[in-house]
Every structure is written in C-alpha cells, then in structure tokens.
Amino acid sequence: MPVDKNSPRIYNAGMEQEEKIKKLAEMLKNARHAVFFGGAGVSTASGLPDFRSPDGLAGRKYKWPFEIMLSHEFFFAHTAEFYDYYFKELDLPGIKPNAAHLSLARLEDAGMIKAVITQNIDGLHQAAGSRNVIELHGTVSSAHCVRCNRKYDGEEIKRRVPLPKCDCGGLIKPDVVLYGESLDGTAINRALEELEKADLVIVGGTSLAVYPAAGFLRETSGKIAVINKEAVAEDRADIVILGNIAEILPCLLYIAHR
Ligand SMILES: [Zn+2]
C-alpha cells in the first residue's frame, strides 16, 4: 500500500479494509444527504480506459496526445479523425454498467444516495438505473447540430460518420465537453447545489488532485470518503479505502442495506 508521509491521517494503516467499509456504511446510514462524486475509475471495470494511467488514453499511440484529439479545435479541424478516435477510445460498443454503477443505483433506490455527480461521459449510471445523475463533462448518449442546434441521439452519429452532418448541413457534435470548452453551467449549478446540501460525499475512482474534482470538493462542508485504487493526497478525507471500486461498492451496499 503506498503511503504518503505528508498526510498520514488518511492512511489509517492499522485498520483493515473491511473495518473501513463498515465504518463508511455507518457514515452512510447516518447521513442525511449523501452524494457520490465519481471519476474514470468507476468505468474502468466496464472496459473503458481512464485518461492518465499508463493503461489509459495517455498510453495509447496516436499522432497527437489525447488532450489534442479531444479538443474543440481538433473536432472542427479534423472531424473525421476526431470521430475515428472517439469511437475507438471513448464511445465503445457493448459497454455495460459494472458492479459499481449497479450498487450506486441500488443505494439511490434505498434512499441512501441522493445524487451521482460524474466526470464520465459514458451514460453507464443511467444504464444501471441511477436517476439523479449530473454529468459534468456531458455525455456520449446525445449530440447536437453545431449550426441549427437540432438534437440527435448519440447512436445517430455512428450512422453518419466519418463526417456526420445534420440535414441543414451543419456538423453533428456529441454533447461531450471537449478540451478547450467550458463545463455546462446547468450541470455545475446542480452539482454545487448537491455538494452544498451534502453531509457525506463519497468520492470514487478519481484522483482528487485533478480539475475539476478538487474545486468541486471545496464546496462541501460534509464528510469526505474516498474509494480509489491508488492513494490520493487529500487531507480533507475523513476515510480513504484503497481498492477496486467495483468490489468495494457492492460490499458497502451489502453492509449498509442489511
Ligand atoms: Zn442542423
């Protein structure tokens, strides 16, 4: 287990993982308004790549780094190449929710989780049955025409590649926030509202050091629990559980819900 000597408080090395999950289950049961804040690690068990790990998009061999290929400018300048990348790496066929998504949906059904705020764009929380989902970076599930703003289903793009055009002649762009674009204001406000109300935020599958997670988590005065496969430097965390979120959340659901 990696240990960050600068923030020893969060690595409660004497405490077994199961004890920690039990403690988090207790926190969840006592919470009035618990919110889940998730990142790429929630979807990796579904077979989607994360961004920055060596197995993720950062490690793939392309002419340009992913920050370029997924940028606003690249979309307009190299649309066909953008879509080639998009359907090879981001919007993959046959992707299904994993045990983490399903557990969160069950926790929402049980009234124990009020909202899921996600940095992911794969739509898997909704596919799992979560209802109050806030997608900070948009979604692959829908798209729009950049000229007339007509709405399209994400699937429609696939039928029109390599250069998906609207009937008006404008390009169809997925409702995903690209590099160089700002987050959707409505999503930000909904997320902030949930975080302000929250007395417990469970952060999963993300490094808190990276924008925008770090900024958003400053907006809560609630307790913070972190579930991540690698240690995270977050001295605000009240509890950190290191491990696979697709294994930990089902345990949490089981313990909290019995
Ligand atoms: Zn149009």
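Residues numbered from 1 in each chain as written. Predicted model: local features only at pLDDT ≥ 70, side-chain atom pairs only at ≥ 80, totals over all residues.

Engineer: I'd like a description of the overall build of the protein, backed by residues and values.
Structural biologist: The helix and strand tally for the protein stands at ten helices and nine strands. Relative to a compact globule of 258 residues, whose C-alpha radius of gyration would be 18 Å, the protein shows 19 Å and is just as compact. By its C-alpha atoms, the protein is 60 × 35 × 30 Å across when sized along the principal axes. When each of the 258 residues of the protein is scored for burial, the buried share is 40%. Considering only contacts in the protein between residues 6 or more positions apart, those separated by 24 or more positions represent 62%. (Helix = DSSP H or I, 4+ residues; strand = E, 2+ residues; numbered from the N terminus. Rg over C-alpha atoms; globule rule 2.2 N^0.38 Å. Buried ≥ 20, exposed ≤ 12 C-beta atoms within 10 Å, placed from the backbone. Contact = placed C-beta atoms within 7 Å.)

Engineer: Give a detailed account of helix 5 (residues 99–109), specifying residues and quantitative values.
Structural biologist: Most of helix 5 is tucked away, with nine of its eleven residues classed as buried. When helix 5 is considered as a whole, its buried residues turn out to be Ala100, His101, Leu102, Ser103, Leu104, Ala105, Arg106, Leu107 and Glu108. Residues of helix 5 that are buried in the fold lie against strand 1 (34–38), strand 2 (115–118), helix 6 (124–128) and helix 10 (245–257). At the C-terminal side of helix 5, Gly111 shows a positive phi close to 80°.

Engineer: Mind laying out unusual backbone geometry, listing which residues take part and the relevant values?
Structural biologist: Residues other than glycine predominantly adopt negative phi, and peptide bonds predominantly adopt the trans conformation. At the junction of Val161 and Pro162, the peptide bond is cis and its omega measures out at 10° in the coordinates. A positive phi angle is found at Asn149, which is not glycine, with a value near 70°.

Engineer: For the sheet that holds strand 6 (residues 172–176), give the residues involved together with the corresponding values.
Structural biologist: In spatial order, the strands read 5-4-6; together these three strands make up an open sheet with antiparallel pairing. Each having just a single partner strand, strand 5 (151–153) and strand 6 make up the two edges of the open sheet. Here the strands of the sheet are splayed against their neighbours by 40° on average, with no regard to which way each runs. Pairing of strand 4 (residues 138–145) with strand 6, which is carried by four bridges, proceeds in the antiparallel orientation. Note that in strand 6 the partner of His144 across the bridge is Lys173. (Pairing = 2+ DSSP bridges. Axes fitted to C-alpha atoms, helices over the stretch in contact; angles between N-to-C directions.)

Engineer: Requested: an account of the nonpolar core, with residues and values cited.
Structural biologist: Ranked by size, the top nonpolar core spans 49 residues in total, and within it Val35, Leu104, Ile117, Val201, Val203, Ala225 and Val226 carry the most contacts. In terms of residues, this core owes the most to one element, helix 10, which gives seven residues. Counting residues in hydrophobic clusters, the runner-up holds nine residues, among them Phe66, Met69, Leu70 and Phe82. (Core = buried A, V, L, I, M, F, W, Y, C linked by C-beta atoms within 7 Å.)

Engineer: I'd like a description of the environment of Cys168, backed by residues and values.
Structural biologist: Inspection of the secondary structure assignment puts Cys168 in the loop between helix 7 (154–160) and strand 6. The exposure class assigned to Cys168 is exposed, which follows from the 10 C-beta atoms found within 10 Å. In sequence terms Cys168 and Ala237 are 69 residues apart; their C-alpha atoms lie 50 Å from each other. Ignoring anything within four residues of it in the chain, the contact list for Cys168 reads Cys145, Arg147 and Cys148.

Engineer: Break down helix 10 for me, citing the residues and quoting the values.
Structural biologist: In a regular helix each residue adds 1.5 Å, so 13 residues correspond to 18 Å; helix 10 covers 17 Å between its end C-alpha atoms and thus fits that length. Looking at helix 10, one finds that the buried residues are Ile245, Ala246, Ile248, Leu249, Leu252, Leu253 and Ala256. One face of helix 10 carries all of its buried residues, which in axial projection span an arc of 160°. Elements that come into contact with the buried residues of helix 10 comprise helix 1 (17–30), helix 5, strand 7 (200–204), strand 8 (223–228) and strand 9 (239–242). (Expected span 1.5 Å × (residues − 1). Arc of directions from axis to C-beta.)

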